[in-house]
Amino acid sequence: MVEKEREERAYKTIIKTIKDAPLEEFYTSGHRTCQGCESALLMRFLAKSAGPRTIVIGATGCMYVANTTYYTTSWVVPWVHTQLGGSGAAALGTAAALKALMRKGKIKQEPINVIAFCGDLGCADMGLSGVSNAMTYDYNLLIILYDNESSANTDIQETSMTPYGAQTTFSRPGKVRRIMKRRWKKSVVPMIIAGHRTIKYAATMNPAYPLDGLNKIRKALEIGGPTFIHSLDPCPKGWDYDPQFSHELGVLAVETGIWPLYEYIEGKIVYDEPTKSIVEGRTKRKPVREFLEKQGRFSHFTEEDVEYFQRMVDEMYEDWEIPGVMPIKSLNVKIDDN
Ligand code: SF4
């Protein structure tokens, strides 16, 4: 499809207000996710946004275990389970099979969405090579990383997405070492866009911003794959807070600058509100303390830890080449005339 035509089509599918969102649900009630689970909300958005002509592929993780318990499922669209690290390969295989079947005239020629979702362990750790492989072929597929910042379904183990210092069953603060998770969280969208130059669309989202999320899923599917979305999903069980605060924590992650909302569209970074206002200097970031102190997983933090966290987030906006996105800075050495 010609670039312009594709852009126009993507624009036309934008949902202007939440009232215009489709009423039909293809991920329905009856699942067994925890109360306040934002990943369940993400599943609802992806099914709603994509519509009935969709095949969903789910890697092992919370959204597999809780949504497809022995002979029951809340998926109304076709759903395939794949192993923990297999979402990239399964998405690629499904998209390729559909293309071949259509080419051979065995099934009707029509757009069928292929969406694979995987949690942080299945996508950013174990499954990363498969996801990367899927991003290198010309197939229409979307991979969504639902990031609850731990391996939650097997009782909250640390992953590369666990934030600095957070308590998990693998990173309990000890007497000798209070901060067990010392490395900063991995940035997956920048890895995808920097490593796969011809990818046309990648984005971050957060279920606390439903319209933004619904539209990003739409755009990814319309622009055509391979495409990638990383969603930060507050998880009451792993983050240790009362489920009623899920939405508030999602908003705080963005307003403190910890989780910037942006899209990579055809080679350009586009910031979405409220991140756009933060980057353009119209809105001041809230202190990270407001996000951290609402979660039990950071309850062992001292003043020094909060300050370190704040400093790291400040750096994302003040020192990075692309604020909040790319942790690099060009060294434009000025040549002194003297
Ligand atoms: S553990 Fe977290 S991600 Fe898993 S179902 Fe519960 S709230 Fe959702």
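Attention in this report is confined to the structure presented alongside it. (Residues numbered from 1 in each chain as written. Predicted model: local features only at pLDDT ≥ 70, side-chain atom pairs only at ≥ 80, totals over all residues. Heavy atoms only, no water.)

Let us now look at the nonpolar core. Nonpolar side chains tend toward joint burial in soluble globular proteins. Membership of the largest hydrophobic core comes to 33 residues, with the highest contact counts inside it found for Leu141, Ile143, Ile199 and Phe228. At the level of secondary structure, the elements contributing two or more residues to this core comprise strand E1 (54-59), helix H4 (87-103), strand E3 (113-119), helix H5 (120-125), helix H6 (128-134), strand E4 (142-147), helix H7 (188-195) and strand E7 (262-265). With five residues, the single largest contributor to this core is H4. Contacts of Ile199, omitting those with residues within four sequence positions, involve Met135, Ile192, Ile193, Pro226, Thr227, Phe228 and Tyr264. Grouped together as the second largest cluster of nonpolar side chains are 31 residues, Tyr164, Trp239, Trp259 and Phe309 included. (Core = buried A, V, L, I, M, F, W, Y, C linked by side-chain atoms within 4.5 Å. Buried < 20%, exposed > 50% of the residue type's maximum accessible area, 1.4 Å probe, protein only. Helix = DSSP H or I, 4+ residues; strand = E, 2+ residues; numbered from the N terminus. Contact = heavy atoms within 4.5 Å.)

What follows concerns the site of the ligand. The environment of the ligand is formed by Thr33, Cys34, Cys37, Cys62, Asn148, Ala152, Cys235, Pro236 and Lys237. For the shell around the ligand, a count of residues per class yields six nonpolar, two polar and one charged. (Near = heavy atom within 4 Å. Nonpolar A, V, L, I, M, F, W, Y, C, P; charged D, E, K, R; others polar.)

Before going further, it helps to spend a moment on unusual backbone geometry. Of all residues except glycine, most have a negative phi; of all peptide bonds, most are trans. Note the cis peptide between Gly225 and Pro226, where omega equals 0°. Inspection of the secondary structure puts Pro226 in the loop between helix H8 (210-223) and strand E6 (227-232). With an omega dihedral of 0°, the bond running from Glu273 to Pro274 counts as a cis peptide bond. By the secondary structure assignment, Pro274 is in the loop between strand E8 (268-271) and helix H11 (275-279). The residue Glu149 is not glycine, and still its phi comes out positive at about 65°. Mapped onto the fold, Glu149 is located in the loop between E4 and H7. On the basis of relative accessible area, Glu149 is assigned to the buried category, the value being 6%. If you check the backbone angles, Asp240 has positive phi at about 65° while not being a glycine.

Let us now look at the pairing of E4. Across the six residues of E4, six count as buried, placing the element largely inside the fold. Bridge analysis of E3 against E4 gives five bridges, and the strand direction is parallel. When the sheet's bridge partners are listed, Phe117 is paired in E4 with Ile144. Two strands pair when backbone bridges link them, and E4 and E6 are joined in this way by six bridges, in the parallel orientation. Directly across from Ile144, in E6, lies its bridge partner Ile229. (Pairing = 2+ DSSP bridges.)

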